[in-house]
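# An overview of the molecular structure
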Amino acid sequence: MKINATYTSLVAVGDSFTEGMSDLLPDGSYRGWADLLAARLAARTPGFRYANLAVRGKLIAQIVDEQVGPAAEMKADVVTLVGGLNDTLRPKCDLGRVRAHLEEAVERLAPSCGQLVLMRSPGRRGPVMERFRPRMEALFAYVDELAARHGALVVDLYGSEALGDRRMWDVDRLHLTAEGHRRVAEAVWQTLGLAPEEDWRAALPPEVRAPWLERRAGDLRFARQHLGPWIGRRLTGRSSGDGRPAKRPELLPFEAPVS
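Predicted model, so just to flag it, every value in this text is computed and none were measured.

Right, let's get into the side chain of Ser 9. Tracing the backbone shows Ser 9 in strand E1 (residues 9–14). At 2.9 Å, the side chain of Ser 9 and the backbone nitrogen of Asp 77 are in polar contact. Dropping the residues within four chain positions of it, Ser 9 is found in contact with Phe 48, Arg 49, Ala 76, Asp 77, Val 78 and Leu 251.

Let us look at the nonpolar core. Ranked by internal contacts, the top residues of the largest apolar core, which has 36 residues, are Val 11, Leu 81 and Leu 116. Per-element accounting of this core gives the leading share, 8 residues, to helix H6 (residues 127–150). Setting aside anything within four residues of it in sequence, one finds Leu 116 in contact with Val 79, Leu 81, Val 106, Leu 109, Ala 110, Ala 152 and Leu 153. If you look at the next biggest cluster of nonpolar residues, it comprises 32 residues, including Leu 36, Val 188, Leu 194 and Trp 200.

The subject of this paragraph is the environment of Glu 66. Within the fold, Glu 66 resides in helix H3 (residues 60–74). For Glu 66, a relative accessible area of 42% puts it in the partly exposed group. Between the alpha carbons of Glu 66 and Val 55 there is a distance of 9.9 Å; along the sequence they are 11 residues apart. Polar contacts involving the side chain of Glu 66 include one to the side chain of Lys 58, which spans 3.2 Å.

Compared with the 21 Å implied by 1.5 Å per residue over 15 residues, the 21 Å span of helix H5 (residues 95–109) between its first and last C-alpha is a close match. All of the buried residues along H5 are Leu 95, Val 98, Leu 102, Ala 105, Val 106 and Leu 109. Around the axis of H5, the buried residues are gathered within 95° of arc, so they sit on the same side. Structurally, the start of H5 carries an N-cap: the backbone nitrogen of Gly 96 is 3.1 Å from a side-chain oxygen of Asp 94.

Attention now goes to the pattern of salt bridges. One pass over the full model with this rule turns up 17 salt bridges. A salt bridge links Arg 40 to Glu 197, with the nearest nitrogen and oxygen atoms 3.4 Å apart. With Arg 40 in helix H2 (residues 33–44) and Glu 197 in the loop between helix H8 (178–191) and helix H9 (212–236), this residue pair connects regions lying 157 residues apart in the sequence. Judged by its relative accessible area of 19%, Arg 40 is buried. You can call Glu 197 exposed: its relative accessible area is 59%. Close ionic contact of Glu 104 with Arg 108 constitutes a salt bridge, the shortest N to O distance being 3.3 Å. Of this pair, Glu 104 and Arg 108 are both found in helix H5, 4 residues apart, which corresponds to roughly one turn of the helix.

The next point concerns the sheet that holds strand E2 (residues 49–52). Taken together, the 6 strands give an open sheet; going across it, the order is E5-E4-E3-E1-E2-E6, and neighbouring strands pair in mixed fashion. Each having just a single partner strand, strand E5 (153–156) and strand E6 (248–253) make up the two edges of the open sheet. With strand direction ignored, the average angle separating the axes of adjacent strands in the sheet is 15°. Sheet topology note: the strand E4 (residues 115–120)/E5 ladder contains 4 bridges and is parallel. Bridge pairing in E5 links Met 119 to Val 155. The sheet strands contacting H3 are E1, E2, strand E3 (78–82) and E6, and the helix crosses E1 at an angle near 170°. Sitting on the sheet, H5 touches E3 and E4, and the angle it makes with E3 is about 180°.

The rules behind these values
Residues numbered from 1 in each chain as written. Predicted model: local features only at pLDDT ≥ 70, side-chain atom pairs only at ≥ 80, totals over all residues. Heavy atoms only, no water. Helix = DSSP H or I, 4+ residues; strand = E, 2+ residues; numbered from the N terminus. Polar contact = N/O pair within 3.5 Å; in protein donor to acceptor, adjacent residues only side chain to side chain. Contact = heavy atoms within 4.5 Å. Core = buried A, V, L, I, M, F, W, Y, C linked by side-chain atoms within 4.5 Å. Buried < 20%, exposed > 50% of the residue type's maximum accessible area, 1.4 Å probe, protein only. Expected span 1.5 Å × (residues − 1). Arc of directions from axis to C-beta. Salt bridge = Lys/Arg side-chain N within 4 Å of Asp/Glu carboxyl O. Pairing = 2+ DSSP bridges. Axes fitted to C-alpha atoms, helices over the stretch in contact; angles between N-to-C directions.

Honestly, it's all geometry; don't read function into it.
Structure (structure tokens):
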């Protein structure tokens, strides 16, 4: 473990979680926890550089093939790697192959950067989570093993009750809200050994549930607008990230977008 209070560069590798969905900016682009973390690091370090290679929908094999090599070449102070969860949500998931690809990514990234950061991703409480929980927990156990072996840090978002609250999740029920991303940024910030600015694990106030009919109407909208298209992409082998470039493919000085 190589915690350092001074960081001059950050490279983020992964899928939609790291791309920033669904933390939407006025111009239609996504911000997300990695951008928020970069902004905070840049505020304390002149000339701070940042790249975000993450693309929505990517499986761990695609992350290895498309992102790990360029990330390793950037020789950043900090590299974050979050991947494999999309694989666990597929109808057929070969966890052995997922582990092998994740191991390859860690073995290539850890020696190339000052500090590698891995994550146990958050999960929205509910029936979908329960269905895939055994796969997710098997993946996270291997994340812990790889981190111990290669000196990586692990941010345990999965263990957070607050991040499991459905109010932290967008209407698509797959991606965090702006508040969720803000808490993830704080969690990574603290894991990097920087002084806490808030309790990212703090519970939300008690929820006032909407009437039953309103909740069912919301379920129908979700199924029509999000679940149906998601299932369609799984059945046809398509991805929401097909043909989409990384939003920050080069390690350049960071300037925060106008929010």
